[in-house]
Amino acid sequence: MNHLYKGKAKNILAWLSASLLILLTFYNTALGTRSFQFHIHLTADTIPEVKKTPVKMQLATDSVNILDTIPISKKDSLGSKPNADTSIVMVTDTISFKSSKDSLDAPVTYHADDSMIFDVPSKKLILYGTVSTVKYSDNELTAPQIEFDQKTNLVKAVLKKDSLGKVIAYPTFNQADFKSISDTIVFNMKNGKGITKGTYTQQGEMFVYGEKIKKINQDIFYALNGRFTTCNLDTPHFAFVSKKIKFINKKMAFTGPVHPEIEGVPLPIVLPFGIYPLSQGRHSGLIAPSFTSNQQLGLALEGLGYYKILSDNWDVVALGTLYSYGGWTAKINPRYFRKYRYQGNFSLDMQKFKNGFKGDPDFSTTKTFNILWSHSADTKARPGVSFSANVNAGSSKFNSLVPNNPTRNFTNQLSSSITYAKVWKDKPYNISVSANHNQNTLQRLININFPDVSFNMNTQYPFRRKEAVGKIYWYENIGVGLNSNARSLTSFYDTAGNITRQITDNLQWGATHSVPISLSLPSLGPLQVAPSVSYQEKWYQEKFIRRWNSTTRKIDTSINKGFYTARDMSFGVGLSTRIFGSFTFGKKSKVQAIRHEIRPNLSISYKPDFNKQNFYETVIDTFGNKATYSVYDRSIFGSFSQGKFGGISFGFDNNIQMKVRNRKDTSEGAVKKVTLLDGLSITSRYNFLRDSFRLDVISLNARSSLFEKINITANATFDPYITNEQGRRIDKLIWTKKAATLGTLTNGGISLQSSFQGGDQTKKPNNQSVLNNDPSINANGYPLDEYQQEAAYISNNPGEFADFSIPWSIDFSYSLRFSRIPSSSNPGSFSTSLFQDVNWNSSANLTPKWKIGVTGSFNITEKKIGVLSMYLSRDMHCWQMAINIAPVGNFKFFTISISPKSALLRDLKVNRTRSFYDQ
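Note that the structure is a prediction, hence the values are computed from the model and not measured. (Residues numbered from 1 in each chain as written. Predicted model: local features only at pLDDT ≥ 70, side-chain atom pairs only at ≥ 80, totals over all residues. Heavy atoms only, no water.)

S.K.: Please provide a residue-by-residue account of the overall build of the chain, values included.
M.R.: Within the chain one finds five helices and 55 strands. The buried share among the 919 residues of the chain stands at 34%. Sequence separation of 24 or more characterises 51% of the internal contacts of the chain that already satisfy a separation of 6 or more. Total accessible area computed for the chain in this model is approximately 54,100 Å², and 58% of it derives from carbon and sulfur atoms. (Helix = DSSP H or I, 4+ residues; strand = E, 2+ residues; numbered from the N terminus. Buried < 20%, exposed > 50% of the residue type's maximum accessible area, 1.4 Å probe, protein only. Contact = heavy atoms within 4.5 Å. Areas by Shrake-Rupley, 256 points an atom, 1.4 Å probe, with all protein chains shown as cover.)

Here it is in structure tokens:
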């Protein structure tokens, strides 16, 4: 039962009168309830139970208003509603008195499970029960026994033990964000000050224990003989112990001399004072380094830096590494974020390494850099407008020189893309402008594509009426669209020098325009008919011509600069349909049915030869062999196809599914679908107007998923023509000799991917976040660091991200690719090039606290290991140990790291790193 108490009398007589009035009112009201046991030392006759409306009671500082509501029936004895001028009125009695100066500012709500004693002479209230509570303002106290002294405004709470001395319940105290569990609690309800003994509390990720804790206000408290740790056990595995500690809630903690303890054993390490941040979210500060060693670069002070908050929308991380042999790395990473608008980050990395020592014949110095920039905009900020950037560019040698990072050392492709796009509201067209870059760090070739402009207009129906009334005529479904693309491209080698000259000499530009014309017709029974007309035009900047020089017996080339155009048109009609077939089994069979779907398609098209003048034939070798080329072979968008085309394109796709009884569902008719074949397609085309080789190569593609675990994809290309003794194709179909074949297999491939893991598949994995170990952690939703950095850190330190809830797991992929070409050394035969490789990522729990994992790749064709790394991880409750090894590659290394799991103490770690470099 809850009681509302407020105020005190100025003198004893007034106080007793008010208290007696409260008690009598409470006693009269509480007779109808059994949820509260009130101990009273008075003998009274039993009062008959009277049903009344609740008595609203308030003891205020200036007066006491007791409103006794007389029950009023909604209808009188005759069953009619009472009149508005009824003589029954509510009477209010008022007792007014002045409050004392030390009266409380807010109501006190108290509750006892067992009993309550109200000692009027001594002005004490004692609550008993397993759960007794007192609430005042934002203070809430829960304990098995609570004593409130009105004279001093002190509340005292103590723990409760059973007959064997075992603690049944502890007092707990909550005030705003401060929560604690103690043996004894004494505090002043008016000013909020108090003292506790044997107190446990939590500040963010920090667990604090104090033999005595003195609370000054809701933000500041002091601890005597205290310890703090990130271990949540009553007897923590480790802790920092200090005689005097000052805490500022959610901000900072300050200590005098402090020393660490491991399993209760103090270590002979004493610091004169300590300052510990407790605030959540972002705050500026130093980033602690770690000590590593590298065979090539020497000892290193790695990751020393500073994190600075520039504004609510900007922050920056600066990191550096110093090597004892004279090398260094530096990184500056500003980041920005504006909620519901945009977010991004920029990173500039620089490296300077020395190879050997001065005076050595092979001494050299290498300077490299790398730029990363990512930007994304919220689509709701500017509807119809988008801007995004993903830039990764820099020196070709940068990745190969990054220490202790085999994943990045083997990365030889860099690419960038910056795109602006706009869609006009209520308009049928849109535009996008982009700049792209790709870089091969092995060849040291850099390609730049800027600008790349695309303009598209959605299909328009020029013959359609604005307000269609009645039947829509067939010509109103004629649609016309437009797709245009203009692009410029250049390239240069970063080793050749004179980059500006290379960019100018290699600059290319071009444009293409396409006008598709379509007609939507209703289906003809099971057939869907789709006529189409297409017009294309391309713009070129040059003509590239090859000529055989009989004097030098070589091919000479010439380039004619200018503005050139070429056009092409095609006409066609397409037909498609779907064919279904099924085979059912008996009711007792596990397999209920097999369903086969065939999706054939056929298109008839005609393309006139508008570009005959753009093709020429020339001798290519001393044997007089000739080849046909286009004058636009070197252009960005390529040339149109040669000759006329009047023929058919055909193909079909297959899908096979099976219905089986679901073992997990025993209800009648419970079945599940199992896909046996996701797709099996065969495509080709036949040109009636070609003078020879009318049938094109036949393409086959297949895809399936076995047991919903193994994904398989395969492709193959078949040549339907016979080859002569020299390996050249002759215009004779292979089916004249072999009927049961698709042709000569020329190239193909197959790939498999799968993933298996043990444990309960319904549980979510307990993966740790990358941010828990990232020095640039932020808690306010700021953008993450660049993907490459995070992926590299996880790859190099997988032991720190081990998930012990998964007993074992394995991910693997296998790829096989092959090609067959006529052999030059053995005419009439074919030479086959075969490439195979396998990648895997596996892990297993040796014990519930030990995990081992191996990640790697193997080139089966060359019998060579690509990337191989291993890790061993140990879960030590509040600490973790990780051993990472990379035994192969140009950079071999191993690391041993022991650190707390908490991000708050991520810099408190024991780390040892050794790396080795193979020339």
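S.K.: Tell me about the nonpolar core, and please be specific about residues and values.
M.R.: Among the nonpolar cores identified, the biggest contains 38 residues, and L127, L141, I146, M189 and F247 are the most heavily contacted of them. Looking at this core, the elements with two or more residues in it are β5 (108–112), β7 (124–136), β8 (139–149), β9 (154–158), β14 (184–188), β16 (206–215), β17 (220–229) and β18 (238–248). With residues up to four places along the chain from it excluded, the contact list for L127 reads Y110, H111, A112, S115, M116, S132, T133, V134, P144, Q145 and I146. (Core = buried A, V, L, I, M, F, W, Y, C linked by side-chain atoms within 4.5 Å.)

S.K.: Report on the packing of aromatic side chains, specifying residues and quantitative values.
M.R.: Here the structure, examined in full by the defined rule, presents 22 aromatic pairs. Relative to Y629, the ring of Y616 has its centre 6.3 Å away and its plane inclined at 40°; by these criteria the two rings are tilted. Of the two residues, Y616 is situated in strand β40 (residues 615–619) and Y629 in strand β41 (residues 626–630); the sequence distance between them amounts to 13 residues. When its relative accessible area of 11% is taken as the criterion, Y616 is described as buried. Three or more aromatic residues joined by ring pairs form one cluster here, namely F228, F238, F240 and W879. When the ring centre of Y629 is taken as reference, the NZ or CZ atom of R546 above it lies at 4.3 Å. (Phe/Tyr/Trp six-rings, centres within 6.5 Å; stacked < 30°, edge-to-face > 60°. Lys NZ or Arg CZ within 6 Å of the ring centre and 35° of its normal.)

S.K.: Please give an account of the confidence of the model for the chain that cites residues and values.
M.R.: In the predicted model, the chain carries a mean pLDDT of 80, and the fraction of residues at 70 or more is 81%. Within the model, pLDDT remains below 50 along residues 1–84, and this stretch shows 114 contacts once partners closer than five positions in the same chain are excluded. Per-residue pLDDT stays below 50 along residues 767–790; that stretch engages in 63 contacts with residues further than four places along the chain or on separate chains. (pLDDT = per-residue confidence, 0-100.)

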